[in-house]
Amino acid sequence: GAVVSQHPSRVICKSGTSVKIECRSLDFQATTMFWYRQFPKQSLMLMATSNEGSKATYEQGVEKDKFLINHASLTLSTLTVTSAHPEDSSFYICSDQLAGVETQYFGPGTRLLVL
Amino acid sequence: EDQVTQSPEALRLQEGESSSLNCSYTVSGLRGLFWYRQDPGKGPEFLFTLYSAGEEKEKERLKATLTKKESFLHITAPKPEDSATYLCAVQVGGATNKLIFGTGTLLAVQP
């Protein structure tokens, strides 16, 4: 399957600061990348769909001004959590998808803790 | 509303004790059903994709089957290293390729 990396794997920040998470597709050019959030003992919830060269599509209830997504190249998408608050603490996971193939391959995730 | 339900929430097995996990779904138009394995603190690892009722896929001790309303993940003679959370997700028809996940089954296999 595809290889996806995320950086950082873990981040602790103070309330009010911004945090950037990178998602890289290592073995193919992904036209579409997805960002999910997973709270403890809950399943993955899609936050947004990121398309290279265009604006991201956000799911209902996800604030686009708070969760900034940039997909500047076919191998890199970034998620910036702006003015993070303790309730944003979660496990953020990205996935990529090759055009014409339904399967999504996931990164290892980023654990965010906002103090 | 599209929905995915997994059962049981948790399952404890003895090594070698075969069992099945269930994923039932109600969606407007199924494009595919996916099974993933997730270890603690890690991202989901892809296992299987099923597209149509009657389809079956196998990989080592795991076999996934699909009907029009549900999917089963059969685990034959499990080993402790099979312990993980197993996630089911459906992809529905439409312009997006979004996945809708169930809440998972936490499997513990004891030696």
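Attention here is on the structure that accompanies the text.

### Details of the pairing of strand β2 (residues 10–14) of chain B
All names here are of chain B.
- Side chains L11 and L13 project from β2 onto a buried face, and the interleaved A10, R12 and Q14 project onto a face without burial.
- Sheet topology note: the β2/strand β11 (residues 105–110) ladder contains five bridges and is parallel. Looking across to β11, one finds that R12 is bridged to A108.

### Focus: the interface of chain A and chain B
- Contact residues are listed per partner, giving 18 residues for chain A and 19 residues for chain B.
- When chain A packs against chain B, the two sides together hide about 1500 Å² of surface, and 54% of this comes from carbon and sulfur.
- Seen at the junction of chain A and chain B, the total is one salt bridge.
- Across the pair K98 of chain B and E59 of chain A runs a salt bridge whose closest N-O atoms are separated by 2.6 Å.
- Counting every contact that joins chain A to chain B gives six residue pairs in polar contact (both at pLDDT 80 or more).
- Among the elements of the structure, β4 (32–38), β9 (90–97) and β10 (105–106) of chain A are those that each provide at least two residues to the side of chain A that touches chain B.
- Its residues assigned to classes, the side of chain A that touches chain B comprises nine nonpolar, six polar and three charged.

### Observations regarding the sheet that holds strand β1 (residues 4–7) of chain A
Residues and elements named next belong to chain A.
- Here we have four strands laid out as an open sheet, ordered β1-β3-β8-β7, and antiparallel in their pairing. What marks the edges here is a single partner per strand, and that holds for β1 and β7 (67–73). Averaged over all neighbouring strand pairs, the angle between strand axes comes to 15°, with direction disregarded.
- Across six bridges, strand β3 (residues 19–25) lies against strand β8 (residues 76–81) in antiparallel orientation. The residue of β8 that forms the bridge with C23 is S77.

### Details of unusual backbone geometry
- Cis rather than trans, the peptide bond between H7 of chain A and P8 of chain A has omega equal to 0°.
- Position of P8 of chain A relative to the elements: it lies in the loop between β1 and β2 (10–13).
- Following S7 of chain B, the chain continues into P8 of chain B via a peptide bond in cis, with omega recorded as -10°.
- Within the fold, P8 of chain B resides in the loop between β1 (3–7) and β2.
- The phi dihedral of E60 of chain B falls on the positive side, at around 55°, and the residue is not glycine.
- Considering the arrangement of structural elements, one finds E60 of chain B in the loop between β6 (56–59) and β7 (62–66).
- Overall, E60 of chain B belongs to the exposed group, its relative accessible area being 70%.

Thresholds, definitions, all that
- Residues numbered from 1 in each chain as written.
- Chains lettered and ligands numbered in written order.
- Predicted model: local features only at pLDDT ≥ 70, side-chain atom pairs only at ≥ 80, totals over all residues.
- Heavy atoms only, no water.
- Buried < 20%, exposed > 50% of the residue type's maximum accessible area, 1.4 Å probe, protein only.
- Helix = DSSP H or I, 4+ residues; strand = E, 2+ residues; numbered from the N terminus.
- Pairing = 2+ DSSP bridges.
- Contact = heavy atoms within 4.5 Å.
- Buried area = accessible area lost by both parts, 1.4 Å probe.
- Salt bridge = Lys/Arg side-chain N within 4 Å of Asp/Glu carboxyl O.
- Polar contact = N/O pair within 3.5 Å; in protein donor to acceptor, adjacent residues only side chain to side chain.
- Nonpolar A, V, L, I, M, F, W, Y, C, P; charged D, E, K, R; others polar.
- Axes fitted to C-alpha atoms, helices over the stretch in contact; angles between N-to-C directions.

Interpretation in functional terms is not warranted from these geometric data alone.
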